[in-house]
Amino acid sequence: MVQRPPQPDLPPTPELLLMRRGGGTSDAAAEPRAAAAPPATPASEALLRSRAIVEAELAERLGPMAQLVCGEHLAAASGVNDLVERLAREIHDGDKAARFKERARERLAAVPPRS
């Protein structure tokens, strides 16, 4: 691994990682997490529960970038079907995109609903 000196215009790595996870800066980390997060809605909970399934299917087509791509679309998606559609548009081969949607929906339908 190459060690480089810190760049004065960038925050330290731990702070960057915290910001990437949505935690803001290290000052924000001292605040309670629940106060900063919006209240969970049934749609957002369903999206979070479905993420692993959809991300695994996407990884079959996009490889390791699937995690990043899924995370980017997760915040903007209005529901699970919207997430699947958004992610399918990231697959630039029409046949593969159609297969992704089919498999993702099959796997999601096999998951029993939460009580």
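Residues numbered from 1 in each chain as written. Predicted model: local features only at pLDDT ≥ 70, side-chain atom pairs only at ≥ 80, totals over all residues. Heavy atoms only, no water.

Engineer: For this particular structure, what's the right way to read helix α7 (residues 94–109)?
Structural biologist: At 3.6 residues per turn, the α-helix brings residues three or four places apart onto the same side. Under the 1.5 Å per step criterion, the end-to-end length of α7 is 22 Å for 16 residues, consistent within 8% with the ideal 22 Å. Residues of α7 that are buried include every one of Ala97, Phe100, Ala104 and Leu108, and no others. The arc that holds every buried residue of α7, seen down its axis, measures 55°, which confines them to one face. Exposed residues on α7 whose side chains face more than 90 degrees from its buried face are Asp95 and Ala109. Residue Asp93 occupies the N-cap position of α7, its side-chain oxygen lying 2.9 Å from the main-chain nitrogen of Asp95. (Helix = DSSP H or I, 4+ residues; strand = E, 2+ residues; numbered from the N terminus. Expected span 1.5 Å × (residues − 1). Buried < 20%, exposed > 50% of the residue type's maximum accessible area, 1.4 Å probe, protein only. Arc of directions from axis to C-beta. Polar contact = N/O pair within 3.5 Å; in protein donor to acceptor, adjacent residues only side chain to side chain.)

Engineer: Sorry, what's going on with helix α6 (residues 80–88) here?
Structural biologist: Among the residues of α6, Val80, Leu83, Val84, Leu87 and Ala88 are the ones counted as buried. Along the axis of α6, the buried positions cluster into a sector of 130°, meaning they face one direction only.

Engineer: Quick question: what am I supposed to make of the packing of helix α5 (residues 66–74) against α6 here?
Structural biologist: Between two packed helices, the angle of one axis relative to the other and the distance separating the axes together describe the packing. At their nearest, the axes of α5 and α6 sit 10 Å apart, and the two run at 130° to each other. Taken together, the axes of α5 and α6 are oblique relative to one another. The handedness of the crossing between α5 and α6 is right-handed. On the side of α5, the interface is formed by Val69, Cys70, His73 and Leu74, while α6 contributes Leu83, Arg86 and Leu87. (Axes fitted to C-alpha atoms, helices over the stretch in contact; angles between N-to-C directions. Parallel < 35°, antiparallel > 145°, perpendicular 65-115°, else oblique. Left-handed = near helix turned anticlockwise from the far one by under 90°. Contact = heavy atoms within 4.5 Å.)

Engineer: Even after reading the chapter, I still don't get the packing of α6 against α7, so can you show me in this structure?
Structural biologist: Running from amino to carboxyl end, α6 crosses α7 at an angle of 155°, the nearest separation of the two axes being 9 Å. One element, α6, and the other, α7, form an angle in the roughly antiparallel class. Both α6 and α7 take part in a crossing whose hand is right-handed. Across the interface between the two elements, Val80, Asn81, Val84, Glu85, Leu87 and Ala88 of α6 pack against Ala97, Phe100, Lys101, Ala104, Arg105 and Leu108 of α7.

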